[in-house]
Amino acid sequence: MREYNFGEIEKKWQEEWKNQNLFKTENKVEGKENYYVLEMLPYPSGKLHVGHARNYTIGDVIARYKRMKGLNVLHPMGWDSFGLPAENAAIQNGAHPAIWTKSNIENMNRQLKMMGLSYDWDREIASYTPEYYKWNQWIFKKMYEKGLVYKKKSTVNWCPDCQTVLANEQVEDGMCWRHSKTPVIQKDLEQWFFKITEYADELLQGHKELKEGWPDKVLTMQKNWIGKSYGTEVNLKIIETGENLPVFTTRVETLYGVTYAVIAPEHPLVDEILKVNPSIKSSVFEMKNTDMIERTAEGKEKTGIATGWHVINPVNGEEIPLWIGDYVLMNYGTGAVMAVPTHDERDFAFAKKYNLPLKVVINPIDKKTKEEIVIIPSEMANAFVGTGVMTNSDKFNGISSKEALTKIAEYVEEKGYGERTVKYRLKDWGVSRQRYWGTPIPALYCEKCGIVMENDENLPVKLPTDVEFSGNGNPLETSESFKHAVCPKCGGEARRDTDTMDTFVDSSWYFLRYCDPKNTDLPFAKDIVDGWAPVDQYIGGIEHAVMHLLYSRFFHKVLRDMGLLSSNEPFKRLLTQGMVLGPSYYSNAENRFLYPEDVEIKGAQAFLKTTGEEVQVKVEKMSKSKNNGVDPEIMINKYGADTTRLFIMFAAPPERELEWNENGLAGAARFLNKVWRLVLENKEYLEDKKSIDYSKLTKEDKALVRKLHQTIKKVTESIEADYHFNTSIAATMELLNEMQDFRANILGTEKETTESKKIFREAMINVVIMLSPFTPHFCDELWEEMGNAGKLFTIAWPIYIEELTIADEVEIAVQVNGKLRGTLEVDRSIPKDEIEKMALEIENVKKFIEMKEVMKVIVVPGKIVNIVVK
Ligand code: ANZ
Ligand code: ZN
Ligand code: ZN
């Protein structure tokens, strides 16, 4: 018998599948329903990591399974290939980002092919190609025409030495990543924004449609991110100017307790104040330059500046001081708050620090006595944030604070002091990036016409090649050919926008482009996309719960409103895969993470080979810094793609964490070898191809038939219910054990019948078919060994017969007047009257019916016999 040589087999089938164009998908196939399965497209960093391997294996198993279930499956792959790392590489070693990116894609493409994934490579897309980014520009323009794109000033990180904008990840401890001694400052620049806030409510409402198919935790994260708040905007009159200062509060019932007001350092009023009171200029400047992450960190001490100005609380006419505070954010609410230190933690801390007055307006109620507990402000150690009874609030005294929330809001509206509003935490999406490796923004600036979008026929606006990657400034600004352009409107001279788009734009609609990847007239044709969208099953990491998954939903809705497609949501079902964990080894003596090859493992302990020191072992998320990652390519070379895939699928359900261990891989390899031998050593049983005569089965035959059908059922149901592939594989392993027993104890013995052989053949066939989504090369090879043509990818998934999953022998309870008097072990096929006769013959039953009249006998087949006597 020949050995299972995975290297040879995997290469052979990968070529065969490619030559036959097996995974090519038509947009429409008569009589087949479309099914779209998609894995999040990777950033081409250069090498596949184990998280990718897991993600794509999950997707591939689903794609293959659905195809075998008779669906027309779309399963594409592409490259999220714009972004910072390519540009950094260009700055550091001079290679053009395109060259770096292209070679990374080539390597990862080769690695993906090693895994035997069923992608339709004809639909491959890469976002860095002009054929793709042309449509980013086209969509940007359409959004601009619809008023969904606009420009406004916004704060960015700026390195004075690089003379350039830095991404958050390029700021390290407040310093520039390239200039460790240069503090990063905050600078206001005109930036492009997408008006995602216009869809805030629909993005929230849309959760109803996703409730079934998306994990709760992702919906919750999106809900918090959108952050809908019902509140009231109250106008405080500024004494110095006579103008109104609107503040947003969700707790208007505390309005009588306001003792000061605070505005954000970016608030437009600050400039006016500085004109009159320039002495606070430098403190304001300092406050503004602390980066947002630090400013809003929880538990951070709040900083304030007294402006010397005052505002009036409209409900009681009190004059209260106006402050500038770092805990107030300009881009939420109105950028100004009414402070109630007695009932808000942040205000309390601020008031204590700056000695501002406290005024209690809500007193708690004692739970037992139901009496009001009067709070003494000077004795407060914390703010009282609960509900209670109103005090110090004029005509609202004595009512509950819950009731006051509505009453005071109504009063404020009635008096014209303000009105009730809804605010969202969600902010408009800033898409301008001052860098090269992205989609150029198709805008121009003309002296005469102002901002003008490039004409459609001039799209794409291509990235120029005459640029310098010096690390200083935006490389696009070094290209004269790019900067100088013709105004699309008046034909005069115009300056091209040198910003490029956030790469999240690329990934917000790529799943639609796969449907119609070669379209040159439109991003995609409506009828084709409507045939596929929404994606039936999307698979990716939880780290994309908010931005990518929210931006894509926004784009989908915008494109729908432009009439380009019909569905409301991009992804019907979402699976967020768990992390891959591996053991890390940490040496206290050397104060570093060790490489696995430097440690010796003895049971649960590990020792540094060179010194014998016992080192710490921890199972944690694989990462470069902990030296605990595995390289999927090395695993595939060592064990084969099929074994690697099988291990990944068997070790944990897809949404859970997966602990990588080589023993598990070895176990998967052993199992495949067992299947291999079983098939190759028993080919003789494949000869009789006649169908099974189920009336001629022995008890042992029946047991194997039952196990087979139970297994098909289990495997199918585990896949259907949340893709619990580990259960599917475990069930197949059990079946294999029974087959081995059957082979040893029945076949070739006097117990063997013609039917036994046919049953064994049927089991062999089904094992190979059911394993094929997991280990496709291996199974195609066995399938060929078994004398079949055609690839398993195109074979129908087996169907189980419910009847055959149930044991023939059933236990029936026999009752006399409702009391259990005996049991019967009978074949399920025995008719009712037979069972009745047998029940009446049981010795113990006889005792209870002796001398009595049998009124009636109720037989519930397979369950119970009740004899009613008088
Ligand atoms: C007075 C008050 C009294 C408040 C009280 C709370 C408790 P959510 O629920 O998250 O929407 N706030 C408003 N705008 C702000 C801004 N730009 N920066 C920082 N804080 C701001 O939060 C709304 C509450 O957060 C508002 O209600 C306001 O403080 C504060 F006992 O107003 B509240
Ligand atoms: Zn710098
Ligand atoms: Zn012009």
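To be clear, the structure that these remarks concern was listed above.
Structure report, in brief. (Residues numbered from 1 in each chain as written. Chains lettered and ligands numbered in written order. Predicted model: local features only at pLDDT ≥ 70, side-chain atom pairs only at ≥ 80, totals over all residues. Heavy atoms only, no water.)

Along its length, the protein chain carries 27 helices and 37 strands. Dimensions of the protein chain along its principal axes, counting C-alpha atoms only, are 110 × 80 × 70 Å. Per-residue burial for the protein chain yields a buried fraction of 51% across its 870 residues. Of all intrachain contacts in the protein chain linking residues separated by at least 6 positions in sequence, the fraction that spans at least 24 positions is 72%. A total of about 40300 Å² of accessible surface is found on the protein chain, and carbon and sulfur atoms cover 50% of it. Positive and negative charge centroids in the protein chain, built from 112 and 129 side chains respectively, lie 2 Å apart. (Helix = DSSP H or I, 4+ residues; strand = E, 2+ residues; numbered from the N terminus. Buried < 20%, exposed > 50% of the residue type's maximum accessible area, 1.4 Å probe, protein only. Contact = heavy atoms within 4.5 Å. Areas by Shrake-Rupley, 256 points an atom, 1.4 Å probe, with all protein chains shown as cover. Lys, Arg positive; Asp, Glu negative; His and termini not counted. Charge placed at Lys NZ, Arg CZ, Asp CG, Glu CD.)

Before going further, it helps to examine empty space enclosed by the protein. Taken as a whole and judged by the stated rule, the model has three cavities of 30 Å³ or more. Around the largest cavity sit 17 residues that line it, and Ile-91, Thr-164, Arg-435, Gly-471 and Gly-473 are the ones nearest its centre. Among the secondary structure elements, those contributing two or more residues to the lining of the largest cavity are α3 (84-93) and β6 (164-166). When grouped by side-chain class, the residues that make up the lining of the largest cavity number seven nonpolar, seven polar and three charged. (1 Å grid on protein atoms, 1.4 Å probe; cavity = no way out; pocket = protein on both sides within 12 Å on 5 of 7 lines; lining within 4 Å. Points joined across faces, edges and corners; volume = space filled by probe spheres on them. Nonpolar A, V, L, I, M, F, W, Y, C, P; charged D, E, K, R; others polar.)

Moving on to the coordination of the zinc ion (ligand 3). The coordination sphere of the zinc ion (ligand 3) contains the protein donors Cys-446 (SG), Cys-449 (SG), Cys-487 (SG) and Cys-490 (SG), at a distance range of 2.2 to 2.4 Å. Around the zinc ion (ligand 3) sit four donor atoms, and with donor-metal-donor angles ranging over 105 to 112 degrees the site reads as tetrahedral. Site description for the zinc ion (ligand 3): donor spacing in sequence, C-x2-C-x37-C-x2-C. On the criterion of sequence distance, the pair formed by Cys-449 in the loop between β21 (443-446) and β22 (450-453) and Cys-487 in the loop between β23 (484-486) and β24 (493-496) is long-range, its members being 38 residues apart. Residue classification places Cys-487 among the buried positions, given a relative accessible area of 2%. (Donors = N, O, S within 2.8 Å, 3.2 Å for Na, K, Ca; no water. Tetrahedral: all angles 85-135°; square planar, octahedral: opposite > 155°, others 65-115°.)

Two quantities define a packed helix pair, namely the angle between the helix axes and the distance between the axes. Contact geometry of helix α19 (residues 641-651) with helix α22 (residues 725-745) gives a least axis separation of 6 Å together with a crossing angle of 110 degrees. Judged by the angle between their axes, α19 and α22 are roughly perpendicular. Side by side, α19 and α22 meet where Leu-646, Met-649 and Phe-650 of the first sit next to Phe-725, Asn-726, Ile-729, Ala-730 and Met-733 of the second. (Axes fitted to C-alpha atoms, helices over the stretch in contact; angles between N-to-C directions. Parallel < 35°, antiparallel > 145°, perpendicular 65-115°, else oblique.)

Consider a sheet: its strands pair through backbone hydrogen bonds, and that pairing is either parallel or antiparallel. Here we have four strands laid out as an open sheet, ordered β2-β1-β26-β27, and parallel in their pairing. In the strand order of this sheet, the two ends are held by β2 (72-74) and β27 (574-577), each with one partner. Between one strand axis and the next, the sheet turns by 20 degrees as a mean value, whatever way the strands run. The pairing of strand β1 (residues 34-39) with β2 spans three bridges and is parallel. When the sheet's bridge partners are listed, Tyr-36 is paired in β2 with Leu-74. (Pairing = 2+ DSSP bridges.)

Right, let's talk about the nonpolar core for a bit. Judged by nonpolar contacts, the single largest core of 171 residues is most densely connected at Met-143, Phe-194, Tyr-510, Phe-554 and Trp-660. Ranked by residue count, the leading element in this core is helix α23 (residues 754-771), at 10 residues. Among residues more than four places away in sequence, those in contact with Phe-194 are Phe-140, Met-143, Leu-148, Val-149, Asp-428, Trp-429, Val-431, Val-505, Phe-554 and Phe-555. (Core = buried A, V, L, I, M, F, W, Y, C linked by side-chain atoms within 4.5 Å.)

Bringing the packing of α19 against helix α20 (residues 662-680) into the picture now. Running from N to C, α19 and α20 point in directions that differ by 115 degrees, and their axes come no closer than 9 Å. Crossing hand, α19 versus α20: right-handed. Seen from α19, the contacting residues are Asp-642, Thr-643, Thr-644, Leu-646 and Phe-647; seen from α20, they are Gly-664, Leu-665, Ala-668, Ala-669, Phe-671 and Leu-672. Of the residues belonging to the contact of α19 with α20, the class tally is seven nonpolar, three polar and one charged. (Left-handed = near helix turned anticlockwise from the far one by under 90°.)

Next up on the list: the site of ligand 1. The full set close to ligand 1 counts 18 residues, and Ser-229, Thr-249, Leu-329, Tyr-332 and Arg-425 are the nearest of them. Ser-229 is positioned with one of its side-chain polar atoms (N or O) 2.6 Å from an oxygen atom of ligand 1. The contact in question runs from an oxygen atom of ligand 1 to an N or O atom on the side chain of Tyr-332, over 2.4 Å. If ligand 1 stood free it would expose 650 Å²; the protein chains cover 87% of that surface. Structurally, ligand 1 is housed in the second largest pocket. Within the residue set of the shell around ligand 1, elements represented by two or more residues are β11 (244-249) and β15 (336-339). By residue class, the composition of the shell around ligand 1 is eight nonpolar, six polar and four charged. (Near = heavy atom within 4 Å. Polar contact = N/O pair within 3.5 Å; in protein donor to acceptor, adjacent residues only side chain to side chain. Sits in = over half its atoms within 2 Å of the grid points.)

For the zinc ion (ligand 2), the protein coordination sphere consists of Cys-159 (SG), Cys-162 (SG), Cys-176 (SG) and His-179 (ND1), at 2.0 to 2.3 Å. One way to put it: the four donor atoms around the zinc ion (ligand 2) meet at angles of 104 to 119 degrees, and that makes the site tetrahedral. Counting gaps between the donor residues of the zinc ion (ligand 2) yields the pattern C-x2-C-x13-C-x2-H. In this structure Cys-176 comes out as buried when scored by relative accessible area, which is 2%. The partly exposed category is assigned to His-179, whose relative accessible area is 22%.

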